[in-house]
Amino acid sequence: MKAKNLAEILPDIKALAKQERKTNRKYFARIGKRPPRELDATVSALHEEVFKEMDCLACANCCKTTSPIFRDVDIERVARHLGVRPAELVDQHLHLDEDGDYVLNSSPCPFLGDDNYCSIYEARPRACREYPHTDRKNFHQILDLTLKNTSVCPATFRIVQRLREVLPG
């Protein structure tokens, strides 16, 4: 597949991720069994490279389609930022999912503006701060999450494409 710029990928991200899902799943199964020693450094370098091409404010697909997990500390921080009680934040915006985690009631995120700016950016949940998790240590531990994120985040999709090229499984 000819590489497209990341803005061109967004409208078709789900279909593109679905096309490559089987290949990515096999690749991740191989590297998950025996993670290459240089995996974390390689993924981190690819993260830096790809995010030089990516303008998250032009995309915000993660904020438009998925919910981060809100830990208790996140709820307290966001509530303090908004000037409300934590219980009020939970009542208005969150619910417990099937895994017992607090997540948003709806998509897009209620804190996302029409300009794709986050109104709680400085207080945003840790999951938002770390998304798409492609610059963390022990990358082999989040291969399933990364596979899911390829259908949401054009940068993650591109990182995985490039990873397969530079570290063949």
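Once a new chain begins, its residue numbering starts again from 1 and follows that chain's sequence as written. Owing to the predicted nature of the model, reporting of local features is limited to residues with pLDDT of at least 70; listing and counting of side-chain atom pairs is limited to 80 or more, with chain, interface and lining totals taken over all residues. The basis for every side-chain value is the complete set of heavy atoms in the structure, and neither hydrogens nor water enter the calculation.

**What about the overall build of the chain?**
In step 1: The helix count covers DSSP runs of H or I at least four residues long, the strand count covers runs of E at least two residues long, and both are numbered beginning at the N terminus. When helices and strands are counted, the chain shows ten helices and two strands.
In step 2: Helices and strands appear in the chain in the N-to-C order α-α-α-α-α-α-α-β-β-α-α-α.
In step 3: Rg of the C-alpha trace for the chain: 17 Å, near the compact-globule value of 15 Å for 169 residues, within the 12% margin.
In step 4: Reported as C-alpha extents along the three principal axes, the dimensions of the chain are approximately 50 × 30 × 25 Å.
In step 5: Each residue's exposure class comes from its accessible area (1.4 Å probe, protein chains only) as a fraction of the maximum for that residue type: buried when under 20%, exposed when over 50%, partly exposed otherwise. Looking at the chain as a whole, 38% of its 169 residues qualify as buried.
In step 6: Restricting to contacts in the chain with at least 6 residues of sequence separation, those with at least 24 account for 71%.
In step 7: Summed over all atoms, the accessible surface of the chain reaches about 10300 Å², with 49% contributed by carbon and sulfur. For the radius of gyration, the atoms used are the C-alpha atoms, and the globule rule reads 2.2 Å times the number of residues raised to 0.38. For this analysis, residues touch if any pair of their heavy atoms sits within 4.5 Å. Surface accessibility in these figures is a Shrake-Rupley result with a 1.4 Å probe; residues are shielded only by whichever protein chains are displayed.

**Details of the packing of aromatic side chains**
In step 1: Classification of ring pairs uses Phe, Tyr and Trp, with its six-membered ring standing for Trp, and accepts pairs whose centres are within 6.5 Å; under 30 degrees between planes counts as stacked, over 60 as edge-to-face, and the remaining range as tilted. One pass over the full model with this rule turns up one aromatic pair.
In step 2: An angle of 45° between the planes, with centres 5.9 Å apart, marks the rings of Tyr27 and Phe28 as tilted. Neither residue differs from the other here; Tyr27 and Phe28 are each classed as buried.
In step 3: Remark: a charge is flagged as sitting over a ring if the NZ atom of Lys or the CZ atom of Arg is within 6 Å of the ring centre and within 35 degrees of the ring normal. When the ring centre of Tyr121 is taken as origin, the NZ or CZ atom of Arg124, which lies over that ring, is 3.8 Å away.

**What about the side chain of Asn116?**
In step 1: For Asn116, the location among the structural elements is in the loop between β2 (102-104) and α8 (126-130).
In step 2: Look at Asn116 and you get buried, because its relative accessible area is 13%.
In step 3: Identification of polar contacts relies on pairs of N or O atoms within 3.5 Å, with a donor-acceptor requirement for protein atoms, meaning one able to donate a hydrogen and the other able to accept it, and with residues adjacent in sequence counted only if both atoms are side-chain atoms. A polar atom in the side chain of Asn116 sits 2.8 Å from the backbone oxygen of Leu57.
In step 4: With residues near it in sequence (within four places) discarded, Asn116 still touches Leu57, Ala58, Cys59, Ala60 and Lys64.

**Observations regarding helix α2 (residues 13-33)**
In step 1: At Arg21, α2 is bent by approximately 50°, the largest bend along its length.
In step 2: Those residues of α2 that sit buried are Ile13, Leu16, Ala17, Glu20, Asn24, Tyr27, Phe28 and Ile31. The bend reported for a residue corresponds to the angle between axes fitted to the seven residues ending at that residue and the seven starting there.

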